[in-house]
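# Notes for the structure review
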Amino acid sequence: MSAYDRFKTVEVSTDLLIIGGGMAACGSAVEAAHWAKKNGLKVALVDKAAMDRSGAVAMGLSAINQYVGLKDGQNTVKDYVDYVRNDLMGVTREDLVANIARHVDGTVHLFEKWGLPIWKDENGGYVHEGRWQLMINGESYKVVVAEAAKNALGTDNIYERVFITEPLMDGDKCVGAVGFSVRDETFYVFKAKAVLCAMGGAVHVFKPRSSGEGLGRAWYPPWNSGSSAYFTMKAGAEMTCQEVRFIPVRFKDAYGPVGAWFLLFKSRATNAFGGEYMVERRSELEKWGPYGKVKPIPANLRNWLGMLDVMEGKGPIYMRTEEAIQKIADAYKDDPKAFKKKMKELESEAWEDFLDMTISQSILWAATNTQPEEKSSEIAAAEPYFIGSHSGASGAWVSGPEDLQSADSKGDYFWGYPNMTTVKGLFAAGDASGASSHKFSSGSHAEGRIAAKAAIAYVVDNNAEPKVDMGKVDELKKTILKPLDLFEQTKGQTTDPNINPNYIRPKMFMFRLQKIMDEYAGGVSSQFTTSKHLLQKGMELLAFLKEDSDKLGAENLHELMRCWENIHRMWQAEAHVRTILFREETRWPGYYFRADTPKLDEGNWLVFANLKVQNDEWQMMKRKIHKIF
Ligand SMILES: Cc1cc2nc3c(=O)[nH]c(=O)nc-3n(C[C@H](O)[C@H](O)[C@H](O)COP(=O)(O)OP(=O)(O)OC[C@H]3O[C@@H](n4cnc5c(N)ncnc54)[C@H](O)[C@@H]3O)c2cc1C
């Protein structure tokens, strides 16, 4: 029997469908439940994993990265907008950033109310890691946030371990989504009056530094595969900042966080000769316009200075943990007992920072006999990721709030409902919405709340039953399940199930995608450098890959998910390559360098580079940047 005949179909009807179970989706769930109750509406949520530990925060975090401190007058919304604009080299939607900044503190206070331990100082104030960051005991961060979301929605309205593959459309309106269970043979059809997309960003589009059994170790946890970008693009939504990838510099090989070391311990990073690239290469910053002169120096420019050292053969680059710990403890050097106590305290903070969120980094330290108070650790630039909520900016182009528009921006940035994409009824938040970076875990939750409130308002105003073409759904079911049949029918025609002329397994497909992106779109092995000619060649190879995606084969449900994850990644890759090609300048060295257009071009390119896919045609367009603050 074919998979199409074997799989039972389950239909779910709801007013609002939230897709994803991460930070943005959990925020959406809490807010949507509140407004739905007031309006007698139904909300359902679907996650490919289990909400308690799904998404980028699954392992926990050691800091909340966005807290503005409005109540205590620590900062203003404008301060945050200025910071984000500078860090993104001038390319940001100020209305979106400000909207999140003015609501994020409330979200953090909710986290604390729900039981998240936030570090306190002797006066009862939050302990800051940096200006915007709060230290937390965050190993159960996601469990705490998910519990509140589950309580708000009720578990009957939550579908876990269901992988969403495609949007359902009624003309220019999004009316639901389809997907399949990764645990049993069930095909799901979700019909909804509004859909909120929050499926995170993408990892493993580029070849990771890790190989062999370490392959799953990347900075970005391996389970977000570009589904947000795919879903919104397939629905016909305009996308933005698809070129703005993120490259984090992290502890090498286990990708441990550096924030606490740079910000809390005030550690230096030096090259193998003891030189400090942030000091020795300062003059390089002059080349990068006004952004090289601001404080803090934009993340990509900091990366770039370190990369120049590596390219000159001055690596490895080290985080000077031993020096930083010693310097702090030195204040106690005249009191041996206090000194010993302080050293112990610092040592345990150093380990805890990893145990909270990147356990494998502590395992690597243990495996390599690294005692941070005695020995430096290597840091390195990781492979590129798509994470619009962090220091990247890729995502859908969404409407901003009306009250934060200037006379100029309103026509371009506002079309009715905050966080609605250019597709009616389709909302986006967290990594799924673009041009509003630095929202992190807390801001993504806050943005999820903003988007959910707007989505409920949309349903109240447009309360018609969704029209779903079941003939189309049937076609989708056949296409989505096809890899299972292809594998089953042809598996006997080979002596090695990994290599068969009739099908390509998802892992092999992923390797091919990663190789193209690594070599042609500026990955690790090409020192993050690319050019028009390399990108054009990459596009040619991506077209062949797309052709072969029709031959993906899956042995089981898990592999079926892997097939679709990789199709989603492939679309994210194409959007990226096309947008780097479109933007004829280098604006974010340290994220990527276009060797044929090696300079910033403020005259022509201080704009958003947007795209849209319609009837398989990709359109590229420039959109104006409006300064509001
Ligand atoms: C390594 C790392 C470290 C970070 N450190 C910090 C930090 O210290 N402090 C901080 O504040 N922020 C930090 N962040 C940022 C923070 O994790 C993100 O900003 C936040 O998680 C984004 O929320 P989101 O809801 O968009 O995505 P996520 O939280 O990643 O959630 C995505 C959800 O979508 C689901 N999903 C994916 N694909 C599908 C599909 N096809 N079908 C159904 N469901 C799907 C996933 O299962 C998941 O539930 C870090 C991020 C990373 C990757």
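So, a few notes on the structure that sits alongside this text. What you see is a predicted model, and the numbers here were worked out from it, not measured in a lab.

### As for the sheet that holds strand 10 (residues 249-251)
- If you walk across this open sheet you meet the 4 strands as 10-13-12-11, and the pairing is antiparallel. Edge positions in the sheet fall to strand 10 and strand 11 (269-270), since each has one partner strand and no second.
- Where strand 10 lies against strand 13 (residues 377-381), 3 bridges are found, and the strand directions are antiparallel. Paired with Val 249 across the bridge in strand 13 is Ala 381.

### Considerations on the site of the ligand
- Surveying the vicinity of the ligand reveals 35 residues, the closest of which are Asp 47, Ala 63, Asn 224, Ser 389 and Ser 441.
- Contact between the ligand and Ser 227: a nitrogen atom at 2.9 Å from a side-chain N or O atom of the residue.
- A distance of 2.9 Å is found between an oxygen atom of the ligand and a backbone nitrogen or oxygen belonging to Asp 431.
- Every element with two or more residues in the shell around the ligand is listed here: helix 2 (23-39), strand 3 (63-64), strand 6 (162-170) and helix 14 (440-461).

### Considering the packing of aromatic side chains
- Using the criterion set out here, one finds 30 aromatic pairs in the structure.
- Consider the rings of Tyr 67 and Tyr 126, whose centres lie 5.3 Å apart with planes at 90°: the pair is edge-to-face. With Tyr 67 in the loop between strand 3 and helix 3 (77-87) and Tyr 126 in the loop between helix 4 (94-113) and strand 4 (134-135), this pair connects stretches of sequence that are 59 residues apart. The pair formed by Tyr 67 and Tyr 126 is uniform in burial state, with each residue classed as buried.
- With a centroid separation of 5.3 Å and an interplanar angle of 85°, the aromatic rings of Phe 582 and Trp 605 are classed as edge-to-face. Of this pair, Phe 582 sits in helix 18 (residues 557-582) while Trp 605 sits in helix 19 (residues 602-605); the two residues are 23 residues apart in sequence, bridging distant segments of the chain.
- Here Trp 605 falls in the buried class, since its relative accessible area comes to 5%.
- What links up through ring pairs into an aromatic cluster is the set Trp 219, Tyr 220, Phe 246, Tyr 385 and Tyr 591.
- When the ring centre of Tyr 4 is taken as origin, the NZ or CZ atom of Lys 477, which lies over that ring, is 4.9 Å away.

### A closer look at the packing of helix 2 against helix 5 (residues 141-153)
- At a minimum axis separation of 8 Å, helix 2 and helix 5 run at an interaxial angle of 30°. Here helix 2 lies roughly parallel to helix 5, going by the angle between them. Where helix 2 crosses over helix 5, the handedness of that crossing is left-handed. The residues of helix 5 that touch helix 2, namely those facing Met 23, Cys 26, Ala 29, Val 30 and Ala 33, are Tyr 141, Lys 142, Val 145, Ala 146, Ala 148, Ala 149, Ala 152 and Leu 153.
- Partitioning the contact of helix 2 with helix 5 into residue classes produces 12 nonpolar, no polar and 1 charged.

Procedures and definitions
- Numbering of residues starts from 1 in each chain and follows the order in which that chain's sequence is written.
- The model is predicted, so local features are restricted to residues of pLDDT at least 70 and side-chain atom pairs to those at 80 or more, both for listing and for counting; the totals for chains, interfaces and linings are taken over all residues.
- Remark: hydrogens and water are excluded; side-chain values derive from all non-hydrogen atoms of the structure.
- Two strands pair under a simple rule: DSSP has to find at least two bridges between them.
- By definition, any uninterrupted DSSP run of H or I lasting at least four residues is a helix, any uninterrupted run of E lasting at least two residues is a strand, and each is numbered from the N terminus.
- For each residue, the test is whether any non-hydrogen atom lies within 4 Å of the molecule or strand; if one does, the residue is near.
- N or O atoms within 3.5 Å of each other form a polar contact, as long as, within protein, one can give a hydrogen and the other can take it, and as long as residues adjacent in sequence are counted only when both atoms are side-chain atoms.
- Paired rings are identified among Phe, Tyr and Trp, the last through its six-membered ring, by centres lying within 6.5 Å, and are further divided according to the angle between planes into stacked (under 30 degrees), edge-to-face (over 60) and tilted (the rest).
- Each residue's exposure class comes from its accessible area (1.4 Å probe, protein chains only) as a fraction of the maximum for that residue type: buried when under 20%, exposed when over 50%, partly exposed otherwise.
- Two limits define a charge over a ring: the Lys NZ or Arg CZ must be within 6 Å of the ring centre, and within 35 degrees of the ring normal.
- Interaxial angles span 0 to 180 degrees and are taken between N-to-C directions of axes, which are lines fitted to C-alpha atoms, for helices over the stretch in contact.
- Under this scheme an angle from 65 to 115 degrees is roughly perpendicular, one under 35 degrees roughly parallel, and one over 145 degrees roughly antiparallel; angles in between are oblique.
- Whether a crossing is left-handed or right-handed is set by the direction in which the near helix is turned from the far one by less than a right angle, anticlockwise for left-handed and clockwise for right-handed.
- By definition, residues are in contact when any of their heavy atoms lie within 4.5 Å.
- Three residue categories are used. Nonpolar comprises Ala, Val, Leu, Ile, Met, Phe, Trp, Tyr, Cys and Pro, charged comprises Asp, Glu, Lys and Arg, and polar comprises the others, including Gly.

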